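The chain contents come next:
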Amino acid sequence: MTVSLVTLNNGQTIPQLGFGVFQIDPADTQEATLTALEVGYRHIDTAEMYGNEKEVGQAVAASGLNREDVFVTSKLNNGFHAKPDALQAFDKTLDALGFEYLDLFLIHWPLPAVGDYVETWQAMQEMLAGGRVRSIGVSNFQPHHLERLIKETEVVPAVNQIEIHPYLTQDDVRTFNRDHSIATEAWSPIAQGKVLDDPTIVDIAERLGKTPAQVTLRWHIQRGDIVFPKSVTRERVVSNFNIFDFELTDQDVLAITALNRDERTGPNPDEFNHIPR
Ligand SMILES: NC(=O)C1=CN([C@@H]2O[C@H](COP(=O)(O)OP(=O)(O)OC[C@H]3O[C@@H](n4cnc5c(N)ncnc54)[C@H](OP(=O)(O)O)[C@@H]3O)[C@@H](O)[C@H]2O)C=CC1
Ligand SMILES: O=C1CO[C@H](CO)[C@@H](O)[C@@H]1O
C-alpha cells in the first residue's frame, strides 16, 4: 500500500496517513506503535500531554527502521508558552523520544489567557533555526490566531492540526489554511467512533465493500487533509491503513461533507483558554 505524501510550505514531505497515540497507555504504547510501523505506517502523532513520547521513541528504535524513514510529530504542552519554558520543553521532548531531531513540533493550543502564543511562536522559530526540528506548526488555531502569527512573525506555520470529521467539517478554517499555504491536519478523524454508524457513511461503505472507518478516512484523504487515526486493535490498525486502493465518487465526498453539524468531540479553541486540571 503506498501512502500519499503532502508537501509542506518548506518543501518537507509528510505521509498523509499516520498513527495517533492519544489515550494509549504508556505501558501499551511501544507495542501499539511497533504494530503500526510493522503494518506500514511511517508517521506517528504524539504530544508531551499524552505522556507516551518515550515509548514512541522506543518503538521507532526497536522497529529497525532508519530514523529518517519515520515522520514523528510532537506538541508543546499547555503552560509552556513563555519563550524559555518552550525552549526547555522542546529539549525535554527530544530527550524523551531519544531523537537527534524531530520532524514536526506544534504549539498544542493557542490559550491566549495563559501566555502570548506570538512569543511562543518566536521560540518555535528559534528551534527551527537551531536545526533540531525540521518543521514547526500549530494546533487548534483559529484564523484570527494565525493572522497574528502571519503579521507579527517571519515563519508561516507548516501545518494547523484541528478537529475535523464528517460532523465537524471546518471548511472555513481549512480554506484559511489553504489560502496561506498551511497544510491541514485532521484530529479525531473518525470522531472517536461517533460517525461510524451514520447511515450515509454505512450505505457508502456497503456499496464499496469497505468499513465505515475506511470510507471516513478516505473522505479526509480525498479532501487533501492529513490524518492519524488511533487504535490499539490490530485489525483496525490494518484496515485503517488500507485506504489507498479505492476511491469515493465526488458525490460520495459531497454527501459526507453535507453531514456537518458543527459538533465537536473536544474543546472549542475560542472557549478553551485555561490549563486543564
Ligand atoms: N491536537 C489535538 O488537540 C488533538 C490531537 N489528536 C490526535 O489525533 C489522533 C486521533 O484522534 P483520537 O481522538 O485518538 O480519535 P480517532 O477519531 O482516531 O478515534 C479513535 C477511537 O476509534 C476507535 N477506532 C479506531 N479505528 C476504528 C475502526 N476501524 N473501527 C471502529 N473503531 C475504531 C479506537 O478504538 P480502539 O483503540 O479501541 O481500537 C478509538 O476508540 C490522536 O491519537 C492524536 O494523535 C486527538 C485529539 C486532540
Ligand atoms: O490532544 C489532545 C487530546 O484530546 C484532548 C481532549 O479533547 C485535547 O484537549 C488535547 O488537545
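Residues numbered from 1 in each chain as written. Chains lettered and ligands numbered in written order. Predicted model: local features only at pLDDT ≥ 70, side-chain atom pairs only at ≥ 80, totals over all residues. Heavy atoms only, no water.

The protein chain is annotated in an unreviewed UniProt entry as Oxidoreductase from Subtercola lobariae. The protein chain has a UniProt comment under Sequence similarities (unreviewed entry) that states "Belongs to the aldo/keto reductase family." (UniProt positions renumbered as here; feature names shortened; annotations may be inferred.)

Draft legend 1. Structural context of the site of ligand 1. Around ligand 1 sit 27 residues, and of these Asp 45, Gln 192, Lys 230, Ser 231 and Thr 233 come closest. One of the side-chain nitrogen or oxygen atoms of Gln 192 is found 2.7 Å away from an oxygen atom of ligand 1. The fraction of the free accessible surface of ligand 1 (910 Å²) that becomes covered by protein chains is 86%. Using a 2 Å cut-off from the grid points, one finds that ligand 1 occupies the largest pocket. Here the shell around ligand 1 is composed, by residue class, of 13 nonpolar, 10 polar and four charged. (Near = heavy atom within 4 Å. Polar contact = N/O pair within 3.5 Å; in protein donor to acceptor, adjacent residues only side chain to side chain. Areas by Shrake-Rupley, 256 points an atom, 1.4 Å probe, with all protein chains shown as cover. 1 Å grid on protein atoms, 1.4 Å probe; cavity = no way out; pocket = protein on both sides within 12 Å on 5 of 7 lines; lining within 4 Å. Sits in = over half its atoms within 2 Å of the grid points. Nonpolar A, V, L, I, M, F, W, Y, C, P; charged D, E, K, R; others polar.)

Draft legend 2. Seen up close, the site of ligand 2. The environment of ligand 2 is formed by Phe 22, Met 49, Tyr 50, His 108, Trp 109, Gly 266 and Pro 267. Within the contact set of ligand 2, an oxygen atom lies 2.6 Å away from a side-chain nitrogen or oxygen of Tyr 50. For ligand 2, the protein covers 78% of the area, taking 290 Å² as the surface of the free molecule. Its atoms largely coinciding with the cavity grid, ligand 2 occupies the largest pocket. Grouping the amino acids of the shell around ligand 2 by side-chain chemistry returns five nonpolar, two polar and no charged.

Draft legend 3. Spotlight on the packing of aromatic side chains. Under the defined criterion, the tally for this structure stands at six aromatic pairs. Geometrically, the ring pair formed by Phe 90 and Phe 105 is tilted, given 5.2 Å between the ring centres and 50° between the ring planes. Taken as a pair, Phe 90 in helix 3 (residues 83–97) and Phe 105 in strand 6 (residues 102–107) lie far apart in primary sequence, 15 residues in all. Residue Phe 90 shares its accessibility class with Phe 105, and that shared class is buried. Judged by centre distance (5.4 Å) and plane angle (75°), the ring pair of Tyr 117 and Phe 141 falls under edge-to-face. Of the two residues, Tyr 117 is situated in helix 4 (residues 117–130) and Phe 141 in the loop between strand 7 (133–139) and helix 5 (143–152); the sequence distance between them amounts to 24 residues. Each member of the pair Tyr 117 and Phe 141 is classed as buried. These aromatic residues form a ring-pair network of at least three members: Phe 19, Tyr 41 and Phe 241. Across the ring face of Tyr 101, the terminal group of Arg 134 is positioned such that the distance to the ring centre comes to 3.8 Å. (Phe/Tyr/Trp six-rings, centres within 6.5 Å; stacked < 30°, edge-to-face > 60°. Helix = DSSP H or I, 4+ residues; strand = E, 2+ residues; numbered from the N terminus. Buried < 20%, exposed > 50% of the residue type's maximum accessible area, 1.4 Å probe, protein only. Lys NZ or Arg CZ within 6 Å of the ring centre and 35° of its normal.)

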